[in-house]
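Given next are the chains, with one letter for each unit.
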Amino acid sequence: CVPAAQPIYPPAGKAHLISMREYSVLIGGKAGEGINTAGLSIARLFSRLGYRTYMYFDYPSLIRGGHNFAIIRASARPIGAHRTPVDVLLAFDQNSIENHRQRIHRGTTVIYDASQVTKGEGYGLPIDTIVREEDAPPITGNSAMLGALARVAGIGRDVLGDVLRESVPAKHLEANLRVAGRGYDGVESAFSVEPLDAPTLPIMTGNEAAGLGLVHGGLESYVAYPMTPTSNLLHFLAGQAEDLSIKVLHPENEISVILMALGLAYAGEKAAVGTSGGGFCLMTEGLSFAGMAEIPVTIVMGQRPGPSTGMPTYTAQTDLHFVLNAGQGEFPRFVVAPGDIEEAYTWSSTALMLSWKYQVPSIILTDKTLAEGGYSFDIEKIALHPDLEPVLWDGAGEYRRYARTDDGVSPLAFPGREGAVVRANSYAHDEVGFTTEEAGAVTALQEKRFAKGESLKAELAAYPTVKIYGPRNAGATVVCWGSEKGACIEAAERFGARVVQPLVFAPFPARAWKEAMIGAGKVVCVENNATGQLARLLRQQGFDPGRPVLKYDGRPFAVDELEARLQEVLA
């Protein structure tokens, strides 16, 4: 769709009948009005009809006020990015119209809260009046909008009711159904969403998928201090802790978080932590401790714009080199950056297992777009990696925590094991764990750590550490990482280009990357930062990253926006 110079809205009482197989809906309002929850309900509405959905959520760092909005895109194909134009705009206030006029085109239907919007064209719903007359809580106004959307989109009341029954607590269900019915009756059909012959998929966020992946990998305790964009991972796991048979701990700060996780791991319990850039800063000494003491720990690191506090509720890909180099000294680590919800599940599981097998820190690098975005989750698309187990002490002879082995991995024992004295030392140490500064012992210790890194690298050669989308002989290649994957795959199709996506960054899969780039042709590197951090890493590894296409305003690329940028460099 191309936005019109002068937006035209279907007037109340007249239908603008169209038929499509892709739809975009924007819902906007103030913080505290439940825009995120409403957006997820809209995604579920389309999912019930067999569509694959993606939701982008945009909000300032305010508890109340400001302007929040969610863009929900539904398609017959799997998607992982939004487009600029929208087919329906649901406005709870005037800002939700004025701030998004560039998204309105000739086919856009606008539905607004007539109680709040003074200059609206389209369908006005007196939401305050509806809520008061139905004796319902104010938050049920979202259900009025959901009902209106269902009618405008030609979706039956039965589907609307099913979605509300799945998402609304029982004690509030009847009120929400009544309010939704009033919204449904307050508008007319504008187009018809055709049901697809496809299963209904659950809608999940990247945080939720990462959490479930950690549990699949053997997670026993999750430790975190809330910090956007991984706060919802803490909340999700806390809410599901009993069902998942895990412990969820909330210490007083991020230093306590990493040290508590290391203590749990020392005692034999598989632990993971969640944070963002500012919290990870505080964890770096603990990260080095994990490297020296060879204690496994898994860190979910959700990126957001910096420096410092930056824009805490927006997105960026600015911490790649930070996590690759964080901590004093030299020690191996595993760093992976999933690009969609299935990868978030799979690689979170694998990261935890690899951490324990090789006794190294592992870092799952996400960002706000992936962490808080809503996706259709298709369990059938999950290709799990092999299950891995830590190497445990067999009980023979004297226990040496840092015993030298061919692969660098020392067998583990935990406090309380008969016959084992388990020492964890942040100083340079000998095989038993006593502090030493003797040159030969220190050299051997460092070589032991490097041997673990080489063993990890060798195992990863059998994993899909680099992915390719599109034909190998395309003549043009779009390189991307993390959550920009979805927009890049769609935008590249317009130019017949292929997409190459690295997943693992440490140890860097140089051989897999070299093979993936055979016949690359013209190369473009798309990133959500100002300096081209993946491009810098590729140069360090001896590869040409091509021309940069960068965005660094705290927002991800929309598909059509990226198409325009690629047109400039690929045409």
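Residues numbered from 1 in each chain as written. Predicted model: local features only at pLDDT ≥ 70, side-chain atom pairs only at ≥ 80, totals over all residues. Heavy atoms only, no water.

### Remarks on the side chain of Glu563
Part 1: Note that Glu563 resides in helix α18 (residues 559-570).
Part 2: According to the relative accessible area criterion, Glu563 is buried, its value standing at 10%.
Part 3: In terms of polar contacts, Glu563 uses its side chain to reach the side chain of Arg494, at 3.4 Å.
Part 4: Not counting chain neighbours up to four residues away, the residues in contact with Glu563 comprise Arg83, Glu490, Ala491, Arg494 and Phe495. (Helix = DSSP H or I, 4+ residues; strand = E, 2+ residues; numbered from the N terminus. Buried < 20%, exposed > 50% of the residue type's maximum accessible area, 1.4 Å probe, protein only. Polar contact = N/O pair within 3.5 Å; in protein donor to acceptor, adjacent residues only side chain to side chain. Contact = heavy atoms within 4.5 Å.)

### Examining a nonpolar patch on the surface
Part 1: A cluster of nonpolar side chains, contributed by Ile255, Leu259 and Leu282, occupies part of the molecular surface with about 250 Å² of accessible area.
Part 2: Looking at the element boundaries, Leu282 is found in helix α10 (residues 277-293). (Patch = residues over 30% accessible without salt bridge, like charges linked within 9 Å, V, L, I, M, F, W, Y side chains within 5 Å. Areas by Shrake-Rupley, 256 points an atom, 1.4 Å probe, with all protein chains shown as cover. Salt bridge = Lys/Arg side-chain N within 4 Å of Asp/Glu carboxyl O.)

### With respect to the environment of Asp162
Part 1: Mapping Asp162 onto the fold places it in helix α5 (residues 157-167).
Part 2: A residue is classified by how much of its surface remains accessible, and Asp162, at 28% relative accessible area, is partly exposed.
Part 3: Separated by 185 residues in the primary sequence, Asp162 and Trp347 have C-alpha atoms spaced 33 Å apart.

### Let's talk about the sheet that holds strand β6 (residues 109-113)
Two orientations exist for strands paired in a sheet by backbone hydrogen bonds: parallel and antiparallel.
Part 1: The eight strands are arranged β7-β6-β5-β2-β4-β3-β16-β9 in an open sheet whose pairing can be described as mixed. Across the chains shown, the open sheet's two edge strands, defined by having one partner strand only, are β7 (123-125) and β9 (203-205). With direction set aside, neighbouring strand axes in the sheet form an average angle of 15°.
Part 2: Two elements, strand β3 (residues 52-58) and strand β4 (residues 65-75), share seven bridges in a ladder whose sense is antiparallel. From the neighbouring strand, Thr53 faces β4, where its bridge partner is Ala74.
Part 3: Across the sheet, helix α1 (residues 35-47) lies against β2 (22-31), β3, β4, β5 (88-91), β9 and β16 (374-376), angled at about 160° from β2, the strand it touches most. (Pairing = 2+ DSSP bridges. Axes fitted to C-alpha atoms, helices over the stretch in contact; angles between N-to-C directions.)

### Structural notes on the nonpolar core
Part 1: Among the nonpolar cores identified, the biggest contains 77 residues, and Phe334, Phe505 and Trp513 are the most heavily contacted of them.
Part 2: With seven residues, the single largest contributor to this core is helix α12 (residues 341-358).
Part 3: The next biggest cluster of nonpolar side chains, apart from the first, holds 53 residues, and it includes Val159, Val163, Leu164 and Val179. (Core = buried A, V, L, I, M, F, W, Y, C linked by side-chain atoms within 4.5 Å.)

### Looking at the pattern of salt bridges
Part 1: Here the structure, examined in full by the defined rule, presents 28 salt bridges.
Part 2: Among the ionic pairs, Arg83 bridges to Glu22, the shortest N-O distance being 3.6 Å. Here Glu22 lies in strand β2 and Arg83 lies in the loop between β4 and β5, a separation of 61 residues in the sequence.
Part 3: When its relative accessible area of 26% is taken as the criterion, Glu22 is described as partly exposed.
Part 4: The partner of Arg511 in a salt bridge is Glu515, and the shortest N-O contact between them spans 3.6 Å. On the criterion of helical spacing, the pair formed by Arg511 and Glu515 is a turn pair, its members being four residues apart in helix α16 (residues 510-516).

### Describing unusual backbone geometry
Part 1: Cis geometry is found at the peptide bond from Thr228 to Pro229, where omega equals 10°.
Part 2: With respect to the helices and strands, Pro229 occurs in the loop between β10 (221-224) and α8 (231-244).
Part 3: Pro507 follows Ala506 through a cis peptide bond whose omega is -5°.
Part 4: Even without glycine at this site, Glu294 takes up a positive phi of about 60°.
Part 5: Locating Glu294 in the fold gives a position in the loop between α10 and β13 (297-303).

### Section: the sheet that holds strand β22 (residues 547-550)
Part 1: Across the sheet, five strands lie side by side as β17-β19-β18-β21-β22; this open sheet has mixed pairing. The sheet terminates laterally at β17 (466-469) and β22, the two strands that pair on one side only. On average, each strand axis in the sheet is tilted by 25° relative to the strand beside it, whichever way the strands run.
Part 2: Relative to β22, strand β21 (residues 522-527) is paired through four bridges, and the arrangement is parallel. Bridge pairing links Glu527 to Leu550 in β22.
Part 3: Relative to the sheet, helix α15 (residues 485-494) contacts β17, β18 (476-479), β19 (498-502) and β21, its axis offset from that of β19 by approximately 160°.
Part 4: Along the sheet, α18 contacts β18, β21 and β22; its crossing angle with β21, the most-contacted strand, is approximately 145°.

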